[in-house]
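# Chain and residue survey
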Amino acid sequence: MTQPHGHFLDSMQLPDGVTRFWLIRHALVEPAARLRLYGSLDVDLCTETLGLQRPYYAALGRRLPIDAEWIASPLTRTHKTAQAIFDAGYGPRDLTIEPRFIEQSMGDWHDLPHGDLPGKLRQKAHHFWSTSATERPPGGESMLDVCARVAHALDDIADRNESRNTVIVSHGGAIRAALAHALQIHPDTALRFSIQNLSLSIIERIGPLWRVVAVNELPTIAD
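Predicted model only: the values in this text are computed from it and were never measured. (Residues numbered from 1 in each chain as written. Predicted model: local features only at pLDDT ≥ 70, side-chain atom pairs only at ≥ 80, totals over all residues. Heavy atoms only, no water.)

## Here's the deal with the sheet that holds strand β3 (residues 95-97)
Pairing between sheet strands relies on hydrogen bonds along the backbone, with the strands arranged either parallel or antiparallel. Heads up, the rule is: Pairing between two strands requires that DSSP report at least two bridges joining them. Strands here are runs of E lasting at least two residues and helices are runs of H or I lasting at least four, both read from the DSSP assignment and numbered beginning at the N terminus. Think of each axis as a best-fit line through the C-alpha atoms, taken over the contacting stretch in the case of a helix, with angles from 0 to 180 degrees between the N-to-C directions.
Within the open sheet, the 6 strands sit side by side as β3-β2-β4-β1-β5-β6. Their pairing is mixed. Of all strands in the sheet, those bounded by a partner on one side alone are β3 and β6 (209-217). Here the average twist between neighbouring strands, direction ignored, is 25°.

Right, dumping it as structure tokens:
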């Protein structure tokens, strides 16, 4: 029988042997940090939410492949999110730190109250992000910069982990950058994606091309 053209997903299960990335945004950060522009600052998770959401960590762990390499950004909130998934039933794994998956650096604007940011901007802010994709805060980086470093990291890991699964615990900006790379779209367009805390997005590299399998998939638990 002649095989159909294309890599179609005709089953409920994703096939093995594909270079696949499972991108998880970290859990909710502590309340005081959410009042300010924390960007790539090393703020902590919300302790109360961390405890209440244990069933969601377990559900997320069940969704993830067991045979994956685990990677996180250098920030504590990604490490603790990964550890919460391990502790909720996934089991212990080594965690590789990759600086290129850190959140956008806001430079001199770090720790600025959100209400004070508009007076600092030189360009109109994006409707769904603190800045436009091309705005580079003093001493920081633009989303264009984030997209460039995330793209390089994904390509490097895809070469190293060809035909394997990689779980990356990262940040909203970096995951949008990964989607921009997979879809070959401008960061301004990628910023229209909603990437919620504890959401899962899945991308694959097949040959020289990338495709998107899922975006902002939230863990669900039985009633």
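## Describing the nonpolar core
Counted only if it meets this: Residue types Ala, Val, Leu, Ile, Met, Phe, Trp, Tyr and Cys, when buried and joined through side-chain atoms within 4.5 Å, form a set referred to as a nonpolar core. Using a 1.4 Å probe on the protein chains alone, a residue whose accessible area is under 20% of its type maximum counts as buried, one over 50% counts as exposed, and one in between counts as partly exposed. It only takes one pair of heavy atoms within 4.5 Å for two residues to be counted as in contact.
Among the nonpolar cores identified, the biggest contains 27 residues, and Phe21, Phe101, Val150, Leu154 and Ile203 are the most heavily contacted of them. Broken down by secondary-structure element, the contributors of at least two residues to this core are β1 (19-25), α5 (143-160) and α6 (172-183). Of the residues forming this core, the biggest block, 8 residues, is contributed by α5. Excluding anything up to four places from it in sequence, Ile203 contacts Thr19, Arg20, Phe21, Leu23, Leu154, Ala178, Leu179, Ala182, Trp210, Arg211, Val212 and Val213.

## Some points on helix α4 (residues 76-90)
Here is the rule: Helices are assigned an expected span. That span is 1.5 Å times one less than the residue count.
When the terminal C-alpha atoms of α4 are compared, their 19 Å separation across 15 residues agrees well with the 21 Å that a helix rising 1.5 Å per residue should span. Inspection of α4 places Arg77, Thr78, Thr81, Ala82, Ala84, Ile85, Phe86, Ala88 and Tyr90 among the buried residues, and these make up the whole buried set. Those residues of α4 that are buried lie in contact with β1, α2 (47-52), α3 (54-63), β2 (69-72), β3 and β4 (165-170). Directly after α4, the chain includes Gly91, whose backbone phi takes a positive value near 100°.

## Digging into the side chain of Glu141
As a reminder, the rule being used: The term polar contact refers here to a pair of N or O atoms within 3.5 Å; inside protein, the definition further demands a hydrogen-donor-capable atom paired with an acceptor-capable atom, and it admits residues adjacent in sequence only when both atoms are side-chain atoms.
By the secondary structure assignment, Glu141 is in the loop between β3 and α5. Among the polar contacts listed, one links the side chain of Glu141 to the side chain of Arg149, at a separation of 2.6 Å. Setting aside chain neighbours within four positions, we find Glu141 in contact with Glu103, Gln104, Ser105, Glu135, Arg136, Val146 and Arg149.

## Here we look at the pairing of β2
Burial of the side chains of β2 extends over both faces: Glu69 and Ile71 are buried on one face and Trp70 and Ala72 on the other. The pairing of β2 with β4 spans 4 bridges and is classified as parallel. Opposite Ile71, over in β4, you have Ile168 as the bridge partner. The pairing of β2 with β3 spans 3 bridges and is parallel. Following the sheet pairing, Ile71 is matched in β3 by Thr96.

## Things to note about the pairing of β4
In terms of burial, β4 is a largely internal element, 6 of the 6 residues being buried. The alternating pattern of β4 places Asn165, Val167 and Val169 on one face and Thr166, Ile168 and Ser170 on the opposite face, and all of these are buried. As defined by bridge partners, β1 adjoins β4 across 6 bridges and the pair is classed as parallel. Note that in β4 the partner of Phe21 across the bridge is Thr166.

## Let's talk about the packing of α5 against α6
Where we set the bar: Angle categories are assigned with fixed cut-offs, so that under 35 degrees is roughly parallel, over 145 is roughly antiparallel, 65 to 115 is roughly perpendicular, and the rest are oblique. Two helices crossing with the near one rotated counterclockwise from the far one by less than a right angle form a left-handed crossing, whereas a clockwise rotation gives a right-handed crossing. We call Asp, Glu, Lys and Arg charged. Ala, Val, Leu, Ile, Met, Phe, Trp, Tyr, Cys and Pro are nonpolar, and the rest, Gly among them, are polar.
For the pair α5 and α6, interaxial distance at closest approach is 8 Å and the crossing angle is 70°. As the angle between them shows, α5 and α6 are arranged roughly perpendicular. Seen along the crossing, α5 lies across α6 with a hand that is right-handed. Where α5 approaches α6, its residues Met143, Val146, Cys147, Val150, Ala151, Leu154 and Asp155 are matched on the opposing element by Gly173, Ala174, Ala177, Ala178, Ala180 and His181. Taken together, the residues that form the contact of α5 with α6 break down as 10 nonpolar, 2 polar and 1 charged.

## Quick look at the packing of α3 against α4
As a packed pair, α3 and α4 sit with axes 8 Å apart at the nearest point and diverge in direction by 80°. Overall, the two elements α3 and α4 adopt an arrangement that is roughly perpendicular. Facing α3, whose interface residues are Arg54, Tyr57, Ala58, Leu60 and Gly61, α4 presents Thr81, Ala84, Ile85, Asp87, Ala88 and Tyr90. Class assignment of the residues belonging to the contact of α3 with α4 gives a composition of 7 nonpolar, 2 polar and 2 charged.

## Some thoughts on the packing of aromatic side chains
Quick note on the threshold: Working definition: a ring pair exists when centres of Phe, Tyr or Trp rings (six-membered ring for Trp) sit within 6.5 Å. Plane angles under 30 degrees give stacked, over 60 give edge-to-face, the rest tilted.
Counted by the stated rule, this structure contains 4 aromatic pairs. Ring geometry for Trp70 versus Phe86: centroids 4.8 Å apart, planes at 70°, classification edge-to-face. Highlighted residues: Trp70 in strand β2 and Phe86 in helix α4, separated in sequence by 16 residues. Across this residue pair, the class does not change: Trp70 and Phe86 are buried. Feature note: the residues Trp70, Phe86 and Tyr90 constitute an aromatic cluster, connected by ring pairs.

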